[in-house]
Amino acid sequence: MRVRGLSGILLLIAVLLFVLPSAASYYTDWLWFRELGYEGVFLRTLNAQTAVFAGTFVVVYLFLFLNLRFARRRTAERPRVVLGTGGDGRPIAFEGRQLASLAQPISAIAAMLFGLVGAANWLAWISFFRHVSFNVRDPLFGYDVAFYVFRLPIYQLVRQQAIVMSLIALVGCGIYYVFSGSFMVEARPGTSTWPRVRLIPSARRHLSLLTALVLGLLAWGAWLEVPSTLITPTDSSVAFGASYSDVYARIPFLWLTVATLAVGAGLSIWHGFGRRGWPLPLAIAMYVVVSAGGSVYTGFVQRLVVTPNEQDKERPYIEHNIQFTRLAYALDRVEERDSPGDASLSPHDVADNAGTIENVRLWDHAPLLQTFSQIQVIRNYYDFVNIDNDRYMIDGKYRQVMLSVRELNTSAMPNPSWVNERLSFTHGYGLTLGPVNQVTTEGLPVLFIRDLPPVSTVSLKLTRPSVYYGERSNEYALVKTWQPEFDYPKGEDNEKTFYNGSGGVPIGSFWRRLLFAMRFASTDILVTRQIRPESRILFHRNVVDRAAMLAPFLTLDGDPYPVVTAAGNIVWMQDAYTTSSSYPYATPYSGPLRAYTDVNYLRNSVKIVTDAYNGSVALYLADPDDPIAQTLNRIFPGLLRPLDEMPADLRQHVRYPEDIFAIQARMYATYHMTNPQVFYNKEDQWSVPPLLDSPQSSKEMEPYYTIMKLPREKQTEFIQMLPFTPSKKSNLSAWLAARSDGAHYGHLLAYIFPKNSLVFGPQQIQARINQDQIISPQITLWSAQGSQVIWGQLLVIPIRDALLYVRPLYLRSPNDPPVPELKRVIVAYQNKIVMEETLTRALVSIFGSSVASALSPDQLSSSATSVIATPVDVDVPAVDEAAVPDDASTTALAAEAQTHLDNMDKAMRAGDWALYGEELKKLRAVIERMPKTK
């Protein structure tokens, strides 16, 4: 009775600790799906998991139990199974019936484990039956790509599980037969050799049939390896997929292995029903010989046939690799355009591309995030997670802006408590938004929307600034309770509010409170008196976690970004991808974005929109031609809405995402080469240029968003771009752009420079900047004065068929708090490099004062929201418009130049590098005036 009572207590404890919390979590997740309107997704997923688990469990359980039951009969007939004697002479024995009774629990446990593995692959199973064809066939076997993406993974999973199941049955039955005495040891008559081990006929037949099944499954595995050669690395390093040695050595031996294993399975059956002892050992020996021979022969072909003639032998397989890699990453859609890159620009050209110049991004994400955190956080329990780029029509003008949402950071609260963290401080508030190219006279960013409550100085308004769902919202919150919620600070007091949205799961009843108390392991939910009948609980509030919970079969882009709608609400937009690692002949991605490592098919098929106030989620199908997305639409009807149903004001903020562009750019750097000979020799290999990030380190340039008028296009548009340099060289070879606006969304353009002329690349421009006689001393002077110089990203700005290079410089105090200020803008054009306080001043220095009137001011005179522009200093000398006095002579100019040289010499001896730079600038202006003197 005591044993039974203890067992009951242990069972009750296990239920309370494990079963009930899991059940509560599962049920509350169902409530969450239902609240979002995606109950069908939850139920279809649950049904698929249940069906796969049940099917796998039944098959595995019946197979193992029936085999073990057949083998255990003789064991059950023996009351004791003696294994031997111990050191004390006592026999080591098992009760036969108890040993036989283990068959059922062993079968059930194994079947449960197999079922769990199968259920984890529920999407692969359901895709196997509901998949859509790619309508692209591999060049070697003629299978549709869908065979590799949807069918082959299930075949491999079934084979693996079947082999493991068969081996368990074989080993388990063998153990039963050993314990039952079915193995007989006989001396060979008239010989002194080792005794012979024999099985009783029934055991011999049973184990031989199981061995035949294992050999048959190995044969099936060898057959599956034949098409798998197209999705595995080749023995040659030239290209991915089946190579010459695979086609002419490995694959023939795989077919021979299939035949050998099939014969071996037949020999195993013959062994079981015959009386001879050699068929099964012969089958195993044949398999070992063929496997070893295949590896040796494949290596022989690779070394003696392929390597001496690699380019010729591998040519067709290189072509396959190029073709299918370009298809897998949509690189076949890249439109290539030739560009001279070294054309000359006139002031008229600059003025005609004012939309491009006025949207040059002078603020980098990291310095701007630090600045926002110091001037706009307001309270220590707020936080800016990151900076995002977008574009808006502001006061009738198409502007690129940088913005960040002010989110709640409960971990930084001065008085953390359950009431404060879960009932009072429930949401962030507002955002900060400003243009990418404007600064105040103090070097701080200009802000179109700022402060608490949000103040807007432009036509863009924010009417519902509360942020209940965001990038930092990782904890649950209770709303519509008796406890007023903190909204935003107001003077010495705080503004209060109550949630008025539709988000969250109702939690007013006792049973709901009990369920959520178990889910979050919080007794406060159960005992608090603040909850009302209409109270709701908000959880899965992190927008990334929310999307992953709703659609775990999608790969999410790493950067969700906020959008201010026409109604003044905040929503989050996030890109999602369909991926595969089984696209034949396509090279897998390998690079900095590790979440996509080994992926060799990628499509930006889904756009996810999450309301920051209500938490509602909508998924839109952005690429209706993607077979994987079409398959998901079959599995979950209605989950992916047509992109045309997205509200028009949101469609204007759809952008080509960062992750896929970065991956496509890296792949295109190699796979723009479509000639097999050029590809083999890597004659035109490109790379992403590295750039000095600090005096001690450098990193690769990152793709960046900008608004510009593409060469030979008529309208400015929002694009993402990245330049390329030849491998191991510094000159510019091309640049890739992804368009985001309107009907051009998703179009990729590559502007390729001629190979017979020099177009300066980012590294070369940076080297010239470092050597400049004005810029270098000024940076040294700033550093000597204790300021930290921060280099902004070097931007390559194409205008017509010429290039401008722009790089901002920030200064930051080495002491806390860090508030980077934009102090200088460096512009390089052809052989000219200038550094000025603003971009407009730099352009005036290069192209003349006439460009100033065509460009909007890029610096404001007072606060960050002031609209009083600082006039551009048009007295900066310009090459085109330098006014020369009538009585000026070469002698007078030479004397003026000598004066500046003397002043430079004095400044250098005194260590006054600022004065040195000013005198050098004046000297340069005098020299530029000299050719115009009569």
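Nothing here was measured: the structure is a model prediction, and the numbers come from that model.

A. Geometry of the packing of helix α5 (residues 122-130) against helix α6 (residues 145-179). Packing of α5 against α6 leaves a shortest axis separation of 9 Å and a crossing angle of 125°. By the angle class used here, α5 and α6 are oblique. Crossing geometry of α5 relative to α6 is assigned as left-handed. For the pair α5 and α6, contact is made by Ala124, Trp125, Ser127 and Phe128 and by Phe150, Arg151, Ile154, Tyr155, Leu157 and Val158, respectively.

B. Region of interest: the side chain of Thr371. Following the sequence through the fold, Thr371 ends up in helix α13 (residues 365-375). Ignoring sequence-local partners within four residues, the contact set of Thr371 consists of Trp363, Leu444, Pro445, Val819 and Pro820.

C. Molecular detail of the sheet that holds strand β18 (residues 505-506). Strand order in the open sheet formed by three strands is β15-β19-β18, and the pairing between neighbours is antiparallel. With partners counted over all chains shown, the strands left at the sheet margins are β15 (477-479) and β18, one partner each. Pairing between β15 and strand β19 (residues 536-538): three bridges, direction antiparallel. Of the residues in β19, the one forming a bridge with Leu478 is Ile537.

D. Structural context of the pattern of salt bridges. Under the counting rule described, the total for this entry stands at 29 salt bridges. A salt bridge links Asp246 to Arg250; its shortest N-O distance comes to 3.8 Å. Highlighted residues: Asp246 and Arg250, both in helix α8 (residues 244-273), separated by four residues, approximately one helical turn. The exposure class of Arg250 is partly exposed, given its relative accessible area of 26%. Within this structure, Glu335, Arg337, Glu713, Glu717 and Arg739 form a network of salt bridges that share partners.

E. Molecular detail of the packing of aromatic side chains. Taken as a whole and judged by the stated rule, the model has 50 aromatic pairs. Between Phe53 and Phe57 the ring centres are 6.0 Å apart and the planes differ by 25°, which places this aromatic pair in the stacked class. With Phe53 and Phe57 both in helix α2 (residues 39-77) and four residues apart, the pair spans about one turn of that helix. Their ring planes at 80° and their centres at 6.0 Å tell us that Phe520 and Phe539 sit as a pair that is edge-to-face.

F. Region of the structure containing the pairing of strand β30 (residues 716-726). Burial analysis of β30 places 10 of its 11 residues in the buried class, which makes it a mostly covered element. In this sheet, β30 lies alongside strand β26 (residues 686-687) in antiparallel orientation, the contact comprising two bridges. Counterpart to Ser687 in the pairing with β30 is Thr725. Of the pairings in the sheet, the one linking strand β29 (residues 704-709) to β30 comprises six bridges and is antiparallel in character. By the bridge assignment for β30, Lys709 is matched with Thr716. Taken together, β29 and the strand that follows it, β30, pair antiparallel across an intervening segment of six residues, in which Arg712 is found at a positive phi of about 70°.

G. Spotlight on the nonpolar core. In terms of nonpolar packing, the biggest core is built from 141 residues, with Leu804, Val827 and Leu843 touching the most fellow members. Ignoring any residue separated from it by four or fewer positions in sequence, one finds Leu804 in contact with Leu345, Ile357, Leu795, Val796, Ile797, Ile799, Val827, Ala828, Tyr829, Leu843 and Phe847. Among the nonpolar cores identified, the runner-up in size contains 40 residues, and Trp122, Ile525, Ile531 and Ile608 belong to it.

H. Structural context of a nonpolar patch on the surface. A surface patch of nonpolar side chains, amounting to about 410 Å² of accessible area, comprises Ile109, Met112, Leu113 and Leu116. When you line up the elements, Leu113 lands in helix α4 (residues 103-120). Owing to a relative accessible area of 53%, Leu113 belongs among the exposed residues under this scheme.

I. Geometry of the layout of surface pockets. When its volume is computed, the largest pocket comes out at roughly 1200 Å³. Around the largest pocket, the lining is made up of 48 residues, and of these His365, Lys699, Glu700, Glu702 and Gln793 lie nearest the centre. Looking at which element gives the most residues to the lining of the largest pocket, the answer is helix α20 (residues 658-671), with six residues. In terms of residue class, the lining of the largest pocket is built from 23 nonpolar, 11 polar and 14 charged.

What counts, and where the lines are drawn
Residues numbered from 1 in each chain as written. Predicted model: local features only at pLDDT ≥ 70, side-chain atom pairs only at ≥ 80, totals over all residues. Heavy atoms only, no water. Axes fitted to C-alpha atoms, helices over the stretch in contact; angles between N-to-C directions. Helix = DSSP H or I, 4+ residues; strand = E, 2+ residues; numbered from the N terminus. Parallel < 35°, antiparallel > 145°, perpendicular 65-115°, else oblique. Left-handed = near helix turned anticlockwise from the far one by under 90°. Contact = heavy atoms within 4.5 Å. Pairing = 2+ DSSP bridges. Salt bridge = Lys/Arg side-chain N within 4 Å of Asp/Glu carboxyl O. Buried < 20%, exposed > 50% of the residue type's maximum accessible area, 1.4 Å probe, protein only. Phe/Tyr/Trp six-rings, centres within 6.5 Å; stacked < 30°, edge-to-face > 60°. Core = buried A, V, L, I, M, F, W, Y, C linked by side-chain atoms within 4.5 Å. Patch = residues over 30% accessible without salt bridge, like charges linked within 9 Å, V, L, I, M, F, W, Y side chains within 5 Å. Areas by Shrake-Rupley, 256 points an atom, 1.4 Å probe, with all protein chains shown as cover. 1 Å grid on protein atoms, 1.4 Å probe; cavity = no way out; pocket = protein on both sides within 12 Å on 5 of 7 lines; lining within 4 Å. Points joined across faces, edges and corners; volume = space filled by probe spheres on them. Nonpolar A, V, L, I, M, F, W, Y, C, P; charged D, E, K, R; others polar.

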